[in-house]
Amino acid sequence: MTSNIVTVTTPVEKEAFLNVPASIYQNDPNWVQPLRSSIAKQLAPSSPFSQYGQLQQFVALSEGQMVGRIVAAVNRRLIEKEGKPIGLFGYFECIEDFEVARSLLETACQWLRDRGMTKIRGPIDLSIHNNCLFLVDGFDSPPTIMMPYNPPYYPEFLEKAGWQKAKDAYAYHFPLDKPLPSKFEKAYKIACQSGITFRPICLKEPGFERDCRSLYHLFTKAFAHNWSSTPRSEAEFLEEAKELQLLVDPDLFPIAEDNGDAIGFWMGLPDYNIPLKQVNGKLNWLGLLKFLWYRRQIHQARVIAVCSLPEYRRKMVPLALIYLGMQGGIKKHKPYQSAELSWVWEDNHSSRKLIEAAGGKIHKTYRIYEKEI
């Protein structure tokens, strides 16, 4: 199919950009539409990203119909961290037509070449802290909260266009009807005996903001060397945290402390994709009513991170956090039947070994691609 790639500049074009996914996935029962307001906020000129990066949105137009979209981005924090002129592409959506996909990808590459980039990586929506990764295996179920989803032909198109795998990531499935191995409870007791204390995150102010500031410094230190990850400012972290404040189940979010200082945490969230699937990307008054009604159907959770400072691993803090997080999920009257821990880089062997020891099984595989430009 022949398509015309349009540089998005006007409000009408920006609205069309947001409309593209609905036509791509209209017959896919597993797709969960992201909140349009959230995507628009990320791409707005007033977004925090504008302080350290550039971006350009593009849409593909064929016979008057929007048939694809892409965003090319320069993240100066990533370039500074890696010491290489690496550009990004993200927000990619496309009909099942290779020529349309090729045109979108080449347009993003050219935009980045014009700005001095020599390599492109993606899909990454501006930053790896936003949506990223293509699903390459495990298309038989919907994504959990804040996880990506795409048709199987997306990775096929990239590979046909000469893109190479940069790194894979895994999502692990945990059934909650089986007890953890006894060593996890023993680890919790050892950690307590060594002076480590555990408590749920505080959801009321000012305690929530205080906890989030502590978690920001812990998160920044613990994940400083993560591949393709870029540091966030405290203000960015707090803004993201406040968007999740009303979604948190404190039983799924234990914090480990040593003498009052946060040294580890387990971050789990109820899988709000289950009610979000019903609102079609809009939390207006009708969408909110649907969300509140369908949230009663939540039966699973997503574990986003298990974090511990390295010096506390000998005190069994990571295992203790897994024990507490899983115990929180199976408390009486809790609805959770299973959990997904996602995502974990394929070469993060220490974390993978711990997850698999707890009973986690890989059930989805994701991929980041790269290409020299």
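Above: the structure in question.
Residues numbered from 1 in each chain as written. Predicted model: local features only at pLDDT ≥ 70, side-chain atom pairs only at ≥ 80, totals over all residues. Heavy atoms only, no water.

Participant: Can you help me understand the nonpolar core in this one?
Facilitator: Most often, soluble globular proteins have nonpolar side chains that are buried together. Formed by 60 residues in total, the largest nonpolar core has its most connected members in Phe174, Ile196, Phe198, Leu215, Phe253 and Phe265. Looking at this core element by element, the count peaks at eight residues for helix α11 (residues 317–329). Those residues within four positions of leucine 215 in sequence are excluded, and the remaining contacts are Ile201, Phe237, Phe253, Ile255 and Phe265. Among the nonpolar cores identified, the runner-up in size contains 59 residues, and Leu78, Ala101, Phe134 and Ala169 belong to it. (Core = buried A, V, L, I, M, F, W, Y, C linked by side-chain atoms within 4.5 Å. Buried < 20%, exposed > 50% of the residue type's maximum accessible area, 1.4 Å probe, protein only. Helix = DSSP H or I, 4+ residues; strand = E, 2+ residues; numbered from the N terminus. Contact = heavy atoms within 4.5 Å.)

Participant: I would appreciate a short explanation of the pattern of salt bridges in the present structure.
Facilitator: Opposite charge on two side chains lets them pair, provided their charged atoms get close. According to the stated counting rule, one finds 26 salt bridges in the structure shown. Put simply, lysine 331 and aspartate 251 hold a salt bridge, and the shortest N to O gap is 2.9 Å. Here aspartate 251 lies in the loop between α8 (234–244) and β9 (254–258) and lysine 331 lies in the loop between α11 and β12 (338–345), a separation of 80 residues in the sequence. Each of Glu82, Lys119, Arg121, Glu370 and Glu372 takes part in salt bridges that share partners, so that together they form one network. (Salt bridge = Lys/Arg side-chain N within 4 Å of Asp/Glu carboxyl O.)

Participant: For this particular structure, what's the right way to read the pairing of strand β11 (residues 300–308)?
Facilitator: Successive side chains on a regular strand alternate, one facing one side of the sheet and the next facing the other. Most of β11 sits out of view: seven of its nine residues are buried. Taken together, the seven bridges between strand β10 (residues 261–270) and β11 define a ladder with antiparallel strand orientation. Within β11, the position partnered with methionine 267 by the bridge is alanine 305. As defined by bridge partners, β11 adjoins β12 across four bridges and the pair is classed as parallel. Across the sheet, the residue bridging to alanine 301 is alanine 339, located in β12. (Pairing = 2+ DSSP bridges.)

Participant: Honestly, empty space enclosed by the protein in this entry has me stumped. Any pointers?
Facilitator: Summary: where empty space remains is shown by rolling a probe the size of a single water molecule over the atoms. Throughout the structure, instances matching the rule amount to one cavity of 30 Å³ or more. Roughly 70 Å³ of volume is contained in the largest cavity. Leu176, Leu252, Trp266, Gly268, Ala301, Val303, Gly325, Met326, Gly329, Tyr336 and Ala339 together form the lining of the largest cavity. Per-element tally for the lining of the largest cavity: the top contributor is α11, with three residues. (1 Å grid on protein atoms, 1.4 Å probe; cavity = no way out; pocket = protein on both sides within 12 Å on 5 of 7 lines; lining within 4 Å. Points joined across faces, edges and corners; volume = space filled by probe spheres on them.)

Participant: Where do I start with the pairing of strand β2 (residues 53–62) in this structure?
Facilitator: Of all ten residues in β2, seven are buried, a share of seventy percent or more. Pairing analysis gives four bridges linking strand β1 (residues 4–7) to β2, with the strands arranged antiparallel. When the bridges of β2 are listed, threonine 7 appears paired with phenylalanine 58. Relative to strand β3 (residues 65–75), β2 is paired through ten bridges, and the arrangement is antiparallel. Among the inter-strand pairings, valine 59 is bridged to a residue of β3, identified as arginine 69. Hairpin connection of β2 to β3: two residues between the antiparallel strands, including glutamate 63 at a positive phi of 50°.

Participant: Teacher, can you tell me more about unusual backbone geometry here?
Facilitator: Peptide bonds are mostly trans, and most non-glycine residues show a negative phi. Following glycine 122, the chain continues to proline 123 via a peptide bond in cis, the omega torsion being 5°. Within the secondary structure, proline 123 is located in the loop between β5 (119–122) and β6 (134–137). Residue tryptophan 343 follows serine 342 across a cis peptide bond; omega there is -5°. Within the fold, tryptophan 343 resides in strand β12. Of note in the backbone geometry, leucine 133 takes a positive phi value of approximately 80° without being a glycine.

Participant: Even after reading the chapter, I still don't get the state of the cysteines, so can you show me in this structure?
Facilitator: Covalently bonding the sulfur atom of one cysteine to the sulfur atom of another cysteine gives a disulfide. Applying the stated criterion across every chain yields a total of zero disulfides. Note on cysteine 94: no disulfide assigned, nearest cysteine sulfur contributed by cysteine 109 at a separation of 14 Å. There is no disulfide at cysteine 307, and the cysteine sulfur nearest it, in cysteine 212, is 14 Å away. (Disulfide = S-S within 2.5 Å.)

Participant: It is not clear to me how the layout of surface pockets should be interpreted in this structure. Could you clarify?
Facilitator: Here the second largest pocket defines a volume of roughly 260 Å³. Lining the second largest pocket are 16 residues; nearest its centre among them are Lys178, Pro179, Leu180, Pro181 and Ala358. Looking at the lining of the second largest pocket, the elements with two or more residues in it are β7 (164–175), α6 (182–193) and α11. If you tally residues by element for the lining of the second largest pocket, the top one is α11, at three residues. Counted by class, the lining of the second largest pocket contains ten nonpolar, three polar and three charged residues. (Nonpolar A, V, L, I, M, F, W, Y, C, P; charged D, E, K, R; others polar.)

Participant: Help me understand α11 in this model?
Facilitator: Since the α-helix packs 3.6 residues into each turn, any two residues three or four apart lie on the same face. Here α11 spans 18 Å end to end across 13 residues, near enough to the 18 Å set by a 1.5 Å rise per residue. Within α11, twelve of the 13 residues are buried, which leaves the element mostly enclosed by the surrounding structure. Every buried residue of α11 is listed here: Val317, Pro318, Leu319, Ala320, Leu321, Ile322, Tyr323, Leu324, Gly325, Met326, Gly328 and Gly329. (Expected span 1.5 Å × (residues − 1).)

Participant: Even after reading the chapter, I still don't get the packing of helix α1 (residues 11–24) against helix α2 (residues 36–43), so can you show me in this structure?
Facilitator: Pairs of packed helices are described in terms of their axes, by the angle between the two and the distance that separates them. Two numbers describe how α1 lies on α2: the axes approach to 11 Å, and their chain directions differ by 130°. By the criterion of interaxial angle, the relationship of α1 to α2 is oblique. Once α1 is placed against α2, the crossing between them reads as right-handed. Taking contact as the criterion, the partners of Glu15, Phe17, Leu18 and Asn19 in α1 are, on α2, Arg36, Ile39, Ala40 and Leu43. Partitioning the contact of α1 with α2 into residue classes produces five nonpolar, one polar and two charged. (Axes fitted to C-alpha atoms, helices over the stretch in contact; angles between N-to-C directions. Parallel < 35°, antiparallel > 145°, perpendicular 65-115°, else oblique. Left-handed = near helix turned anticlockwise from the far one by under 90°.)

Participant: Honestly, the side chain of glutamine 300 in this entry has me stumped. Any pointers?
Facilitator: Here glutamine 300 lies in strand β11. Within the structure, the side chain of glutamine 300 is placed 2.6 Å from the side chain of aspartate 271, a separation counted as a polar contact. Excluding residues within four positions of it along the chain, glutamine 300 makes contact with Thr144, Pro270, Asp271, Ile274, Tyr336 and Ser338. (Polar contact = N/O pair within 3.5 Å; in protein donor to acceptor, adjacent residues only side chain to side chain.)

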